[in-house]
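Examining the three-dimensional arrangement
Next come the chains, spelled out residue by residue.
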Amino acid sequence: MPALSQNALFGMGNPLLDICAVVDKDFLDKYGLKPNDQILAEEKHKELFEEIVRKFKVEYHAGGSTQNSVKIAQWMIQQPHKVSTFLGCIGTDKFGGILKKKAEEAHVDAHYYEQSEEPTGTCAACITDDNRSLVANLAAANCYKKEKHLDLEENWKLVEKAKVFYIAGFFLTVSPESILKVAKHASEHNKVFSLNLSAPFISQFFKEPMMKVMPYVDILFGNETEAATFAREQGFETEDIEEIAKKTQSLPKVNKKRQRIVVFTQGKDGTVVTSGNEVTISPVLDIDQSEIVDTNGAGDAFVGGFLSQLVYDRPLEECIRAGHYSANVIIRRAGCTFPEKPDFH
């Protein structure tokens, strides 16, 4: 097994502290939340963050989609430490301190842009049965500035050291110019750049920045709901997920040396993957419904497992298998947490 170099995997996104609680339908209705969705907090959700803490038993977990994924990748890799790099913006407050500590405990090389104007971002994960409705209050995460952080020599060096890049679509709402700079670097140096559709609202309301980045995307992740919304917004005129994967694969691409790979997860149904000109469906690992504790983070965990094999240049099937393994581990636990060591062979 080749030894990996530190900072081989680069992630950039919104670092958030997850506030997780099992809530009731009344709570969802009160704030107009769908049982299974991801949205950005609006004025009407201001009270939600206080009420969830007051009314339900909450757990705090270091979150943010990209940060979760690179953390899971690092957990799967184990040694050396700091193969995973993460950049994002936090506040100079207690929650920011927790995120720093959690990144360190996970052996992720986190380089946060710290500012004091906005508090560290939070995400309320409102869980009912095996659904989760996420409401993100980006706050500090929204303050990431390319010229104040990514462009600095010590941070750009981390980009140059990396060979695999992953950014969740959520970051398109914050700093599309940072994403483009990294994506172009990857393309010019024939490195692997991957992006996640992340949520239906990204394909709907951030279509322009997303489609500016798309020509540089070597691997695109998403789930079935996000894929359907993306297809509708792109005028694909099909609801067949395999067709959507094919059409997404053939969107314009800059680096012709790598054919785009599209990976759509479908919860307990098989994962749809384009490889070459074929579309395959890989079954997920069986799990008894009673063993599922919390599906929040399953998608992030899948990507983390996938990336952990990708940095070793392992075949696509291995990447998918690792993704299924880590998602299977995560859904048995509360929040995006994991046991001390993986048991993946």
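Whatever comes next refers back to the structure up there.
Residues numbered from 1 in each chain as written. Predicted model: local features only at pLDDT ≥ 70, side-chain atom pairs only at ≥ 80, totals over all residues. Heavy atoms only, no water.

**As for the sheet that holds strand β12 (residues 261-266)**
- Pairing within the open sheet is mixed, and its nine strands lie in the order β6-β5-β1-β9-β10-β11-β12-β13-β14. Single-partner strands in this sheet number two, and they are β6 (109-115) and β14 (278-282). Each strand of the sheet is rotated relative to its neighbour by a mean of 15°, with strand direction disregarded.
- Alignment of strand β13 (residues 269-275) against β14, held across five bridges, turns out to be antiparallel. Bridging from a neighbouring strand, Thr271 pairs with Ser282 of β14.
- Lying on the sheet, helix α11 (residues 241-249) is in contact with β11 (219-223), β12, β13 and β14; it crosses β12 at an angle near 155°. (Pairing = 2+ DSSP bridges. Helix = DSSP H or I, 4+ residues; strand = E, 2+ residues; numbered from the N terminus. Axes fitted to C-alpha atoms, helices over the stretch in contact; angles between N-to-C directions. Contact = heavy atoms within 4.5 Å.)

**Quick look at helix α4 (residues 94-105)**
- Look at α4: 17 Å from first C-alpha to last across twelve residues, which is about the 16 Å you get at 1.5 Å a residue.
- Along α4, the residues that are buried comprise Gly96, Leu99 and Ala103. Burial along α4 is one-sided: seen end-on, the buried residues are contained in an arc of 60°. Across from the buried face of α4, at angles greater than 90 degrees, the exposed residues are Lys94, Lys101 and Glu104.
- Residues of α4 that are buried in the fold lie against β2 (16-22), β4 (59-63), α3 (65-77), β5 (84-91) and β6. (Expected span 1.5 Å × (residues − 1). Buried < 20%, exposed > 50% of the residue type's maximum accessible area, 1.4 Å probe, protein only. Arc of directions from axis to C-beta.)

**What to know about the sheet that holds β2**
- With mixed pairing, the five strands of this open sheet are ordered in space as β3-β8-β7-β2-β4. Looking at strand neighbours, the two that pair on one side only are β3 (37-40) and β4, the edges of this open sheet. Adjacent strand axes in the sheet meet at a mean angle of 20°, parallel and antiparallel pairs treated alike.
- Packing against the sheet, α3 makes contact with β2 and β4, and its axis sits at approximately 80° to β4.

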